[in-house]
Amino acid sequence: MIMNRQELRQVTVVMVTHHSAHCLALQNDLLAHCPNIIISDNASNDGTPEQAKALWPHATVLAHPNNLGFGAANNRALAWVTTPFAFLLNPDCAITPEALLALLDAAHDMPDAALIAPPLLGAKGKPELNYRWPKTQWDSKGAGAEGPTCVGFVCGAAMLFRVANFAPVGFFDETFFLYYEDDDLCLRLFNAKLPMLLVPDVVAIHSSRGSVKGKVPLKSEYVRGYHHAQSKLIFENKHGTLKLALKQRRRLLFSTTVALFFRVLLLSPKRLARMWGRWRGLLDWEPAHGH
């Protein structure tokens, strides 16, 4: 029983879905208590929008006719948010109402923070290192955070936004279709000196790569590989240099070509589809010469 339901009126839960009907029951423990919900659905073919509306009749369901990508679908939902906070949650990431309230308490304790996040545990309870310093600064090393800690990056699977604090930087760069949009957003916050707070006493359970099923799973693996490769190079081109992005592309094309050969020998269809998508993504990438 949630004793402080009134506090949850301050936050809108935003969830981007794509062939995610199998995840919705997992979310009911949280969303049944949340008065403000926006589901931003990227052209699911498994009845996700209809099932979401049936489970949470008070939710706003944005059913996009095409797959807009992760960042763009979040941006469409964030445009509807009228509460001070927005909690972005992946369909394959579970958190309790009490944990969300604890994140809100941390946000009230640190009003300068733009983003507040929990650490993630994998489905088997193993910690996922979902926070670090920006990749452009140095590689983070050492033990996990033991208390509330300012960080330079948190994974986009579970993030509480104080919406007003994003005014100087905006939300997601829609150049990133999938992957690295959270790296880009966090780096812009970091450069703008807008704090990002990790709250280690609160945890979320993340079934990584579990949010998309769809009717053609090999196609989903191909799409993951394709956009991961594209976004990696887009990030390097935007925040590094074109010369380094082109060098990275050559190196990745070589390593991916070798890996493809071994995936064929090992008869691993899912990994082969992902690697083939990665190879095509590297080949198709066109640099943005303006950066």
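Residues numbered from 1 in each chain as written. Predicted model: local features only at pLDDT ≥ 70, side-chain atom pairs only at ≥ 80, totals over all residues. Heavy atoms only, no water.

**As for the sheet that holds strand β2 (residues 37-42)**
This is how it is decided: Each pair of strands is called paired provided DSSP finds at least two bridges between the two strands. Helix and strand definitions follow DSSP, with helices as H or I runs of at least four residues and strands as E runs of at least two, each counted in order from the N terminus. Axis definition: a line fitted to C-alpha atoms, limited for helices to the stretch in contact. Angles are taken between N-to-C directions and run from 0 to 180 degrees.
Taken together, 8 strands build an open sheet; the order of strands is β3-β2-β1-β4-β12-β6-β13-β10 and the sheet is mixed. Bordering the open sheet on either side are β3 (60-64) and β10 (149-151), each of which pairs with just one other strand. Between one strand axis and the next, the sheet turns through 25 degrees on average, direction left out of account. Of the strand pairs in this sheet, strand β4 (residues 85-89) and strand β12 (residues 158-162) are connected by 5 bridges, and their pairing is antiparallel. Along β12, the bridge assignment pairs Phe-87 with Leu-160.

**Here's the deal with helix α4 (residues 97-109)**
For clarity, the cut-off: The length a helix should cover is 1.5 Å for every residue beyond the first. Using a 1.4 Å probe on the protein chains alone, a residue whose accessible area is under 20% of its type maximum counts as buried, one over 50% counts as exposed, and one in between counts as partly exposed. Any two residues whose heavy atoms approach within 4.5 Å at even a single point are treated as in contact.
Look at α4: 19 Å from first C-alpha to last across 13 residues, which is about the 18 Å you get at 1.5 Å a residue. All of the buried residues along α4 are Pro-97, Ala-99, Leu-100, Leu-101, Leu-103, Leu-104, Ala-106 and Ala-107. Residues of α4 that are buried make contact with β1 (11-17), α1 (24-31), β4, β6 (115-117), β12 and β13 (196-198).

**Some remarks on the sheet that holds strand β8 (residues 127-128)**
Sheet architecture is open: 4 strands sit in the order β5-β14-β7-β8, paired in mixed fashion. Looking at strand neighbours, the two that pair on one side only are β5 (93-94) and β8, the edges of this open sheet. Here strand β7 (residues 120-122) pairs with strand β14 (residues 204-206) via 3 bridges, running parallel. Its bridge partner lying in β14, Leu-120 is registered against Ala-204.

**So, a positive patch on the surface**
Operational definition: Without a salt bridge and with relative accessible area above 30%, a residue can belong to a patch; like charges are then joined within 9 Å and nonpolar side chains (Val, Leu, Ile, Met, Phe, Trp, Tyr) within 5 Å. Accessible areas in this description were obtained via Shrake-Rupley with a 1.4 Å probe; residue shielding takes into account the shown protein chains only. The rule for a salt bridge is simple: a side-chain nitrogen of Lys or Arg has to be within 4 Å of a carboxyl oxygen of Asp or Glu. Counted charges follow a simple rule, with Lys and Arg positive, Asp and Glu negative, and His plus the chain ends left uncounted. For the purpose of locating charges, the reference atoms are NZ of Lys, CZ of Arg, CG of Asp and CD of Glu.
Positive charge collects at one region of the surface, where Lys-243, Lys-247, Arg-250 and Arg-251 lie side by side. By the secondary structure assignment, Arg-250 is in helix α7 (residues 242-266). Under the relative-accessibility criterion, Arg-250 is labelled exposed at 56%.

**Considerations on the packing of aromatic side chains**
Let me state the cut-off plainly: Stacked, tilted and edge-to-face pairs are distinguished by plane angle, under 30 degrees for stacked and over 60 for edge-to-face with tilted covering the rest, among Phe, Tyr and Trp rings (Trp via its six-membered ring) whose centres lie within 6.5 Å.
As enumerated under the stated definition, the model contains 10 aromatic pairs in all. Note on Tyr-180 and Phe-235: the rings are 5.7 Å apart at their centroids and 45 degrees apart in plane angle, and the pair reads as tilted. On the criterion of sequence distance, the pair formed by Tyr-180 in the loop between β12 and α5 (181-191) and Phe-235 in helix α6 (residues 217-239) is long-range, its members being 55 residues apart. Here the two residues Tyr-180 and Phe-235 agree in accessibility, since each one is buried. Seen from their ring centres, Trp-276 and Trp-279 are 5.3 Å apart, and the 15 degrees between their planes marks the pair as stacked. A residue pair is termed a helical-turn pair when its members lie 3 or 4 positions apart in one helix, as Trp-276 and Trp-279 do in helix α8 (residues 269-284) at 3 residues.

**Some details on unusual backbone geometry**
One non-glycine residue, Ala-43, adopts positive backbone phi at about 55 degrees. For Ala-43, a relative accessible area of 26% corresponds to the partly exposed category. Of note in the backbone geometry, Tyr-180 takes a positive phi value of approximately 70 degrees without being a glycine. Accessibility expressed as a relative area gives 7% for Tyr-180, which makes it buried.

**Some words on the nonpolar core**
Threshold: Take the buried residues of types Ala, Val, Leu, Ile, Met, Phe, Trp, Tyr and Cys, join any two whose side-chain atoms come within 4.5 Å, and each joined set is a nonpolar core.
In terms of nonpolar packing, the biggest core is built from 36 residues, with Phe-87, Ile-95, Ile-116 and Leu-160 touching the most fellow members. Looking at this core, the element that brings in the most residues is α4, giving 7 residues. Ignoring sequence-local partners within four residues, the contact set of Ile-116 consists of Leu-103, Ala-106, Ala-107, Met-159, Leu-160, Leu-197 and Val-199.

**Things to note about the side chain of Gln-248**
Mapped onto the fold, Gln-248 is located in helix α7. Residue Gln-248 is classed as buried on the basis of its relative accessible area of 15%.

**Things to note about empty space enclosed by the protein**
In plain terms, the rule: In this analysis, the protein atoms alone were mapped onto a 1 Å grid. Cavities are point sets where a 1.4 Å probe fits without being able to get out; pockets are open sets with protein on both sides within 12 Å along at least five of seven lines; lining residues have an atom within 4 Å of a point. Grid points are joined across faces, edges and corners, and a volume is the space filled by probe spheres set on the points. The nonpolar class holds Ala, Val, Leu, Ile, Met, Phe, Trp, Tyr, Cys and Pro. Asp, Glu, Lys and Arg form the charged class, and all remaining residues, Gly among them, are polar.
Using the criterion set out here, one finds 1 cavity of 30 Å³ or more in the structure. In this structure, the largest cavity encloses a volume near 50 Å³. In this structure, the largest cavity is lined by Arg-132, Pro-134, Lys-135, Thr-136, Gly-152, Phe-153, Asp-183, Cys-186, Leu-187 and Phe-235. If one sorts the elements of the lining of the largest cavity by residue count, α5 sits on top with 3 residues. Within the lining of the largest cavity, the residues separate by chemical class into 5 nonpolar, 2 polar and 3 charged.

**Section: the packing of α6 against α8**
Applicable threshold: Handedness of a crossing is defined here by the sense of rotation of the near helix relative to the far one, left-handed for an anticlockwise turn of less than a right angle and right-handed for a clockwise turn.
The contact between α6 and α8 brings their axes to 7 Å, and the two run at 35 degrees. For the pair α6 and α8, the sense of crossing is right-handed. Contacts between α6 and α8 involve Leu-218, Glu-221, Tyr-222, Gly-225, Tyr-226, Ala-229, Gln-230 and Leu-233 from the first element and Pro-269, Lys-270, Ala-273, Arg-274, Trp-276, Gly-277, Arg-278, Arg-280, Gly-281, Leu-282 and Asp-284 from the second. Looking at the contact of α6 with α8 residue by residue, the classes come out as 9 nonpolar, 4 polar and 6 charged.

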